[in-house]
Amino acid sequence: MPEMPEVQGLTAFLGERAVGHSITRATVSAIAALKTYDPPIHALQGAEITAASRHGKFVVLSCGDELHLAFHLAKAGWLRWYEELPTTLIKPGKSPIALRLALDDGSGFDLTEAGTKKSLAVYVVRDPGEVPGIARLGPDPLDASFTREVFAGLLEGRRMQIKGLLRDQAVIAGIGNAYSDEILHAARMSPYAIAGTLDDDEIDRLFTAMQTTLAEAVAEATGKPPADLKDAKRRGMQVHARRGEACPVCGDTVRSVFFADRSLEYCPTCQTGGKVLADRRLSRLLK
């Protein structure tokens, strides 16, 4: 799933390549992906893209102050950029393409989604705040106003596992399954630690790990075309999606815990005092 760093990379790319150009055509080929009807999708035709911005994991292309195209790539979505947009006809139901956007210089992009579970979402709105997922977002962890004190306040009194809290978009915007694994590994913290019980030293470690991990990933993603962002993400991972490999910090074997639709990865030596987590959602550390 694209998370904040990759979405920021996409946003920066579109800011350089699409802003200043007019939309000549917007074609939705996966009707379920379009979540709004007013303004209609054809309202984008002829509109000039004036800004590109990121809101959590959402990309927003603004056409002035009162028309915005927002999209969320969900778990299996991606943006495919073309300097020369294909002219082939998209057949609904026969293609992974959900949306095709054409620009006035012949370039453009497709929003694609792999797999059978379709969650990619596209919105045409007058204000980004009209998008429910944007309206409920918590603070951005790389915003200057997101201080250690603000973070500590978000943790206070919460009886939820820290892994789940980091992934909760209503608490903190932009972090998903992959980067929560990376942050917790950098902080030397169990994914099952209870957020509201962390002491000052643990909060310090976690806040520093979050800021450093995300800032480095954003820096790595910035300046890369969409086609290169996925590989850049994979190369930067220390534990996520590296089950069975050696931890780059201590050499222990990276382990996984599998859930219904995802898994988490961690290093027992670095994060759980050498204990191996049982492979079920409500497990405790194995004795």
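Residues numbered from 1 in each chain as written. Predicted model: local features only at pLDDT ≥ 70, side-chain atom pairs only at ≥ 80, totals over all residues. Heavy atoms only, no water.

Participant: Could you clarify how one ought to interpret the pattern of salt bridges in this entry?
Facilitator: Note on pairing: side chains with opposite charge can pair once their charged atoms come close. Scanning the entire structure with this criterion turns up 13 salt bridges. The salt bridge partner of Arg 54 is Asp 140, with a shortest N-O separation of 2.7 Å. Placement of Arg 54 in strand E2 (residues 51-55) and of Asp 140 in the loop between helix H2 (132-135) and helix H3 (148-155) is noted, with a sequence separation of 86 residues between them. The exposure class of Arg 54 is buried, given its relative accessible area of 18%. Asp 110 is paired through a salt bridge with Arg 100; the nearest N and O atoms lie 2.6 Å apart. Here Asp 110 is found in strand E7 (residues 108-113), whereas its partner Arg 100 is found in strand E6 (residues 97-103), with ten residues between them in sequence. Ionic contacts of the salt-bridge type, sharing partners, join the residues Arg 17, Glu 83 and Asp 105 into one network. (Salt bridge = Lys/Arg side-chain N within 4 Å of Asp/Glu carboxyl O. Helix = DSSP H or I, 4+ residues; strand = E, 2+ residues; numbered from the N terminus. Buried < 20%, exposed > 50% of the residue type's maximum accessible area, 1.4 Å probe, protein only.)

Participant: Just checking my understanding: could you explain the side chain of Ser 256 for this structure?
Facilitator: Mapped onto the elements, Ser 256 comes out in strand E9 (residues 255-258). Within the structure, the side chain of Ser 256 is placed 2.8 Å from the side chain of Glu 265, a separation counted as a polar contact. If we ignore the near neighbours within four places in the chain, the residues touching Ser 256 are Arg 243, Leu 264, Glu 265, Tyr 266 and Asp 279. (Polar contact = N/O pair within 3.5 Å; in protein donor to acceptor, adjacent residues only side chain to side chain. Contact = heavy atoms within 4.5 Å.)

Participant: How should I be thinking about unusual backbone geometry in this particular structure?
Facilitator: As a rule of thumb, non-glycine residues mostly have phi less than zero, and peptide bonds are mostly trans rather than cis. Omega for the bond connecting Asp 38 with Pro 39 falls within 30 degrees of zero, at 5°, which places this linkage in the cis form. Here Pro 39 is to be found in the loop between strand E1 (23-28) and E2. Here Ala 74, not a glycine, exhibits a phi torsion of approximately 55°, which is positive. Along the chain, Ala 74 falls in the loop between strand E4 (68-72) and strand E5 (77-82). Residue class for Ala 74 comes out buried when judged on its relative accessible area of 8%. With phi around 55°, Arg 188 is a residue other than glycine that occupies positive phi space. Residue placement: Arg 188 occurs in the loop between helix H5 (177-186) and helix H6 (200-221).

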